[in-house]
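Structural overview
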Amino acid sequence: MISTKGRYALRVMLDLAERGNSAETEYIPLKDIAERQQISEKYLEIILKVLVKEKLLKGLRGKGGGYRLTRRPEDYAVGEILELTEGTLSQVACLTESAEPCSRREHCQTLPMWKEFDALVHDFFYGITLADLMPGGKYS
């Protein structure tokens, strides 16, 4: 299940993308994003910190500060944003990067199914960009 953190991260990135926000545009204040998205500023700061740290956004403090995208909307995969905020999109623990080696792996009859499902989820979310979610995009 995708948590509020992942869903809010998508909403914020989409909010910035819809405002023509890219490396050439002005910074959008945290307060403005929080108001439009009806997300508390405190919770939004936690999410934005992750996105800035991973260079999906650029943040600037002080007067005229705020946040902006570092790339064009079509260069952001939804899967990338979700994995940064959720940690993994894997539905079973044994397929996560940090999983302990499973002693049943070689004999697990359900593992191929879980691998296929994980691939479907991964390919689905990595096949959608922010631009696809914007007005006029594939999902608008």
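See the structure printed just above.
Quantities reported herein were computed from a predicted structural model and do not represent experimental measurements.

Attention now goes to helix α3 (residues 41-53). An ideal rise of 1.5 Å per residue puts 18 Å on 13 residues; α3 measures up with 18 Å between its terminal C-alpha atoms. Within α3, burial applies to L44, I47, L48 and L51. Buried residues of α3 fall within an arc of 100° about the axis and therefore sit on the same side. α3 presents K42, K49 and K53 as exposed residues on the side facing more than 90 degrees away from its buried surface. Against α1 (4-18), α2 (30-37), β1 (57-60), β2 (66-69) and α4 (78-86) lie the buried residues of α3. Following α3 by one or two positions, K55 adopts a phi angle in the positive range, close to 65°.

Attention now moves to the nonpolar core. Ranked by internal contacts, the top residues of the largest apolar core, which has 30 residues, are M13, L16, L44, L48, L51 and I81. Taken together, the elements giving at least two residues each to this core come down to α1, α2, α3, β2 and α4. Considering every element that reaches this core, the biggest residue donor is α1, with eight residues.

Summed over the entire model, instances satisfying the criterion amount to two aromatic pairs. Seen from their ring centres, Y8 and Y43 are 5.7 Å apart, and the 75° between their planes marks the pair as edge-to-face. With a gap of 35 residues between them, Y8 in helix α1 and Y43 in helix α3 connect regions that are remote in the sequence. Both rings, one in F124 and one in F125, keep their centres 5.1 Å apart while their planes meet at 70°; by these two values the pair is edge-to-face. The positively charged end of R71 is found above the aromatic ring belonging to Y76, 4.3 Å away from the centroid.

So, how was this worked out
- Residues numbered from 1 in each chain as written.
- Predicted model: local features only at pLDDT ≥ 70, side-chain atom pairs only at ≥ 80, totals over all residues.
- Heavy atoms only, no water.
- Helix = DSSP H or I, 4+ residues; strand = E, 2+ residues; numbered from the N terminus.
- Expected span 1.5 Å × (residues − 1).
- Buried < 20%, exposed > 50% of the residue type's maximum accessible area, 1.4 Å probe, protein only.
- Arc of directions from axis to C-beta.
- Contact = heavy atoms within 4.5 Å.
- Core = buried A, V, L, I, M, F, W, Y, C linked by side-chain atoms within 4.5 Å.
- Phe/Tyr/Trp six-rings, centres within 6.5 Å; stacked < 30°, edge-to-face > 60°.
- Lys NZ or Arg CZ within 6 Å of the ring centre and 35° of its normal.

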